[in-house]
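Listed below are the residues making up each chain.
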Amino acid sequence: MTGPLAEVLDGQRRADLQRAARALLKEPLLTADGPYADEFRLVRRHQAELRGWFERNVGWTLRTDADAARLRKTPGTLTDVTHPAREATRNALPFTRRRYVLLCLALAALERGEAQVALGRLAEQIVLAAADPELVAAGIVFTLERRDERLDLAAVVRLLLRAGVLRRVAGDEEAYISGSGDVLYDVRRRVLAGIPASLRGPSLVEAEEFEERLVEMTARTALDSDELRFRAIRWKLTRLLLDDPVLYYDDLTDDELAYLTRQRGFITARIGELTGLVPEVRAEGVAMVDPLDDLTDVRMPEQGTHGHVTLLLAQHLAEAGRPVAPAELARRVRELAAEHGGFWAKSAREPGAEPVLVAQALEKLVALGLAEHTERGVVPRPALARYAVGEAVIREPGTPPNRPHPPTSPDTIVKDER
């Protein structure tokens, strides 16, 4: 088929493929009846093309069936801790080490269990599993008798509900937390089987150190040829560009930087075709800008007190251009409270709230690649320059206007925080 109709149909196919790919990048586990049901159907329709692209360009496998689509993602940086799992509630608190352990124990219990399970019964199975001598020796102890432990288990269950592993049949988690009731769930075993994303089971990993174990769990094959080494570099660079807000050249090895220099146009073009992301290349690195502004789990700027404080501290760090101690940032928050406190929540204006506000702001700035913690203090990274607000300049009538703020150097990355 040729002509205008063929062009329209081809454009619609590309738009559907892009929508499916973006959905998988945002939610690597999609279910047929979940919040992304429409995107799930698009993934099923374009599964062959999506599977080939992810396998070829990033080394990720895509598994699909009638119930779920699972993109088994491996991050470009295995030890990045700035994007934790979060509680599926309004507060969206990040998972702690204890919650991650509970999640693993819960998945193991569900795998061995029946098609339905009560939350109280699941708790009993977790307590039994936690009695393993190796877990006890590692300091992992669960009784689930305390309210804080039950809160943690409820957070794990809500994460599994959101992922589609569990389906609530009766009851409510709040009743379990308070000790006044129980909850019954259906266990969706096909979705459950898709949760693990490692290429090798933890029981087969021989390394003992944490970082070495991560590498062994995600290694594809021995890199015994130039072709395989170049493929591994291409996969890593593409993963970083897809997943991270900014790819800084300083964070790359010499081999990775040399490969990116040669293949940057090819890599960014392939990403753009699949996702609609637009490359922005500067002297310090590369960022894939999202025109639709929805491929992110951390937003900036953001409304509310914490969003305002974060933006103001970003400006302070950008204009400082040097390492800044957290104590200096706390003093700056006190000064800002005197100026802007009327727009902030009451709790943010109380004495002693400054360290918490600073910690929350820095958590976001670090996650977005805008700052980093060092022994010298908090160091602004190049992309933070877009938040430096210059002094106003009065123009003579008839002169052209200045560039809009925030100003950016030609040698500074400008990135919408994806």
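Our structure is the block above this text.
Residues numbered from 1 in each chain as written. Predicted model: local features only at pLDDT ≥ 70, side-chain atom pairs only at ≥ 80, totals over all residues. Heavy atoms only, no water.

How would you sum up the overall build of the chain? Please name residues and give values.
A tally of regular secondary structure across the chain gives 16 helices and 11 strands. In terms of overall dimensions, the chain is globule-like: its C-alpha atoms have a radius of gyration of 24 Å, near the 22 Å expected for 418 residues. Considering only C-alpha atoms, the chain reaches an extent of 75 × 70 × 45 Å along its principal axes. In the chain, which comprises 418 residues, the share counted as buried stands at 43%. Of all intrachain contacts in the chain linking residues separated by at least 6 positions in sequence, the fraction that spans at least 24 positions is 61%. Accessible surface, the chain: about 22700 Å² in total, of which carbon and sulfur atoms supply 53%. (Helix = DSSP H or I, 4+ residues; strand = E, 2+ residues; numbered from the N terminus. Rg over C-alpha atoms; globule rule 2.2 N^0.38 Å. Buried < 20%, exposed > 50% of the residue type's maximum accessible area, 1.4 Å probe, protein only. Contact = heavy atoms within 4.5 Å. Areas by Shrake-Rupley, 256 points an atom, 1.4 Å probe, with all protein chains shown as cover.)

Quick rundown of the sheet that holds strand β4 (residues 116-118)? Include the residues and the values.
Read from one edge to the other, the open sheet built from 3 strands follows the order β4-β6-β5, with strand pairing classed as antiparallel. Edge positions in the sheet fall to β4 and β5 (166-171), since each has one partner strand and no second. Taking the axes of each pair of neighbouring strands and ignoring which way they run, one obtains an average angle of 25 degrees across the sheet. When β5 meets strand β6 (residues 183-187), the two strands line up antiparallel, connected through 5 bridges. Its bridge partner being in β6, Arg168 is matched across the sheet by Tyr185. (Pairing = 2+ DSSP bridges. Axes fitted to C-alpha atoms, helices over the stretch in contact; angles between N-to-C directions.)

For the packing of helix α1 (residues 4-26) against helix α12 (residues 254-275), give the residues involved together with the corresponding values.
Following both chains from N to C, one finds α1 and α12 inclined at 100 degrees, their axes separated by 7 Å at the closest point. Accordingly, the angle class assigned to the pair α1 and α12 is roughly perpendicular. Packed against α1, whose contacting residues are Leu17, Gln18, Ala21, Arg22 and Leu25, the element α12 presents Gly272, Glu273, Leu274 and Thr275 at the interface. (Parallel < 35°, antiparallel > 145°, perpendicular 65-115°, else oblique.)

How would you summarise the side chain of Arg381 if you had to cite specific residues and measurements?
Summarising the element assignment, Arg381 is placed in the segment after β11 (377-380). Classification of Arg381 by relative accessible area gives buried; the value is 16%. With near-sequence residues (within four places) excluded, Arg381 lies in contact with Tyr248, Asp251, Gly369, Leu370, Ala371 and Glu372.

Go over the packing of helix α13 (residues 305-320) against helix α14 (residues 326-340) with me, naming the residues and quoting the values.
Between α13 and α14, the least distance of the axes is 11 Å, while the angle of their chain directions is 125 degrees. It follows that α13 is oblique to α14 by the angle criterion. Crossing of α13 against α14: the hand is right-handed. Two secondary-structure elements touch here, α13 through His308, Val309, Leu312, Leu313, His316 and Leu317 and α14 through Glu328, Leu329, Arg332, Val333, Leu336 and His340. Grouping the constituent residues of the contact of α13 with α14 by class yields 7 nonpolar, 3 polar and 2 charged. (Left-handed = near helix turned anticlockwise from the far one by under 90°. Nonpolar A, V, L, I, M, F, W, Y, C, P; charged D, E, K, R; others polar.)

An account of α14 is needed here, citing residue identities and associated values.
Taking 1.5 Å of rise per residue, the 15 residues of α14 would be expected to cover 21 Å, and the 20 Å separating its terminal C-alpha atoms lies within 8% of that figure. Of the surrounding secondary structure, the elements contacted by the buried residues of α14 are α13, α16 (354-367) and β11. (Expected span 1.5 Å × (residues − 1).)

Talk me through unusual backbone geometry; I want residue IDs and the actual numbers.
Of note in the backbone geometry, Leu144 takes a positive phi value of approximately 55 degrees without being a glycine. Positive phi, normally seen in glycine, also occurs at Asp293, with a value near 55 degrees. Within the secondary structure, Asp293 sits in the loop between β9 (285-289) and α13. What makes Asp293 partly exposed here is its relative accessible area of 38%.

Lay out empty space enclosed by the protein with the relevant residues and their values.
Sizing a probe to match a water molecule and rolling it over the atoms shows the empty space that remains. Applying the stated rule across the entire model yields 1 cavity of 30 Å³ or more. What the largest cavity holds in volume is close to 60 Å³. Considering only residue class, the lining of the largest cavity consists of 3 nonpolar, 4 polar and 3 charged. (1 Å grid on protein atoms, 1.4 Å probe; cavity = no way out; pocket = protein on both sides within 12 Å on 5 of 7 lines; lining within 4 Å. Points joined across faces, edges and corners; volume = space filled by probe spheres on them.)

Keep in mind these numbers describe shape, not what the thing actually does.
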